[in-house]
Amino acid sequence: MSYATQLAMALPELVLAVSGILLMLIAAWGGQAVTRAVSFVSVLALVGAGIALFGPASAGGEAFYGLYRADAFAAFAKVLIFGAAAVAIIIAPKFFEQTSGDDLRPEYPVLMLFSAAGMGMMVSAGDLITLYVGLELQSLAAYVLASFMRHDTRSAEAGLKYFVLGALASGILLYGISLVYGFSGTTLFDGIADAYAGEESLGLLFGLVFVFAGLAFKVSAVPFHMWTPDVYEGAPTPVTAFFASAPKVAAMAMAVRVAMEAMAPAVSDWRQIVVFAALASIFFGAIAAIGQNNIKRLLAYSSINNVGFMLIGLAAGTQAGVASVLFYLAVYIVMTLGAFIIVLQMRDESGQPVETISSMAGMSRNRPGLALAMAIFMFSFAGIPPLLGFFAKLEVFIAAVNAGLFPLAVAGIVGSVIAAYYYLRVIKVMYFDEAAPAYAGRAGPIEGALLAVAALFISPVGWFLLAPLGSWTSIAAQSLF
């Protein structure tokens, strides 16, 4: 394969990396005055990277001696990642304009581009070193984004917590990688799979455990979830929307690729870890969210809960299971971004953000459009038909049952019933509680359009997309097998 063809396979990451470097130089010389221009070009770069996926980048092949894989699975994940990153850039200016203390600086979209480039490497990795480099590129940008509001104590605290715990998780993952390399003699996924298919090794088993522990932190699965509520609450809301969407897709897709390619012969070993993490995440996320009164913390526990359902699909260890994870990710990312766009509109008369659930009381009368959209997202998170969140949960449960994991599917259904309580509580506050002071924030035309599209996608109108989305996820899953 020619070098030009290999570069074409990695074109999305090249577009983002080159754009990020050039925009970083422009930001250094132009300062605050070029913020809007840099943001606009960053969104164009993400769109360009997305367009570049519909070529050699999704053709299905290996590049750079097996270090990088361009296939339909990676392309599907990258579409979600780049789309979420673009939305996080688009919704940021209005938030920073209205929030006193810190202005939006041109470094924000540049960090988003580097983070997206790292996530692209994560989902296309064919080697543990490529995986780790992509993960660290994404993580280093994320640490800065979490603490982007320098004059806000909560934001600084969020960045520090994320950095300390993220460094610990990276160390755990790197130790697992070193064990796998030491006992398999390679970092390439194909070679690792051959090692796991051979004679059982205690060293390889320990490596598997540490690798999955590191991956569990990145997807914020229990018991490696402790950073999530504090970081989600403290980070600027557009950054929280980004954390809850794009990195979640990248980490879950990365975990699926490692499980189904590098460690596929050891499915009986890693399935035990995944089943435990799935059940713990579902029930802990459901129970811990009940007592929350901060909407961002509630959505943080909701993300932990939803990761548990995705892990049920991974635990199935089948093509249908992988397809169900991808389908769930697509629906989850739209629900999450939609919910956070609504949170961005929650402001008091002075223009400062309001994050308490009690402040949403009477929203159905003060802001009926926002209340309706939030109700759609909450019902969908709870898995209430006929919204797409129901079909996402149904897909993972069917995959688990077909793989012989009937008790796991039943436990997941029980967990979803518990989780429905706090979603319905938000709807009850909006529609039935005595009205609180109306929010002063108003959605701009772009935010309003994004919110309308997200709500329509999740509503029964989105049924028209079920067939093509299901077909795309099946093709993406098939490329791993």
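Residues numbered from 1 in each chain as written. Predicted model: local features only at pLDDT ≥ 70, side-chain atom pairs only at ≥ 80, totals over all residues. Heavy atoms only, no water.

Q: What's the story with the pattern of salt bridges in this structure? I'm lost.
A: If the charged atoms of two oppositely charged side chains come close together, the side chains can form a pair. In this structure the tally under the stated criterion is 14 salt bridges. A salt bridge links lysine 161 to aspartate 230; the shortest N-O distance between them is 2.9 Å. Taken together, the residues lysine 161 in helix H8 (residues 153–184) and aspartate 230 in helix H11 (residues 228–234) connect sequence positions 69 residues apart. Judged by relative accessible area, which is 29%, lysine 161 ranks as partly exposed. Classification of aspartate 230 as partly exposed rests on a relative accessible area of 26%. A salt bridge links glutamate 261 to arginine 257; the shortest N-O distance between them is 3.2 Å. (Salt bridge = Lys/Arg side-chain N within 4 Å of Asp/Glu carboxyl O. Helix = DSSP H or I, 4+ residues; strand = E, 2+ residues; numbered from the N terminus. Buried < 20%, exposed > 50% of the residue type's maximum accessible area, 1.4 Å probe, protein only.)

Q: Would you mind going over the packing of aromatic side chains with me for this structure?
A: Pairs of aromatic rings are described using the distance from one ring centre to the other and the angle between the two planes. In this structure the tally under the stated criterion is 22 aromatic pairs. With a centroid separation of 4.9 Å and 80° between ring planes, the pair formed by tyrosine 175 and phenylalanine 210 is classed as edge-to-face. A residue pair is termed long-range when its members are at least 10 positions apart, and tyrosine 175 in helix H8 and phenylalanine 210 in helix H10 (residues 202–218) qualify at 35 residues. We classify tyrosine 175 as partly exposed; its relative accessible area is 44%. Using a relative accessible area of 28% as the deciding quantity, one classes phenylalanine 210 as partly exposed. (Phe/Tyr/Trp six-rings, centres within 6.5 Å; stacked < 30°, edge-to-face > 60°.)

Q: What's the story with a nonpolar patch on the surface in this structure? I'm lost.
A: Together, Val18, Ile21, Leu22, Met24, Leu25 and Trp29 give the surface a local cluster of nonpolar side chains, amounting to about 650 Å² of exposed area. Within the element layout of this structure, leucine 25 appears in helix H2 (residues 11–30). (Patch = residues over 30% accessible without salt bridge, like charges linked within 9 Å, V, L, I, M, F, W, Y side chains within 5 Å. Areas by Shrake-Rupley, 256 points an atom, 1.4 Å probe, with all protein chains shown as cover.)

Distances and angles like these do not, on their own, reveal function.
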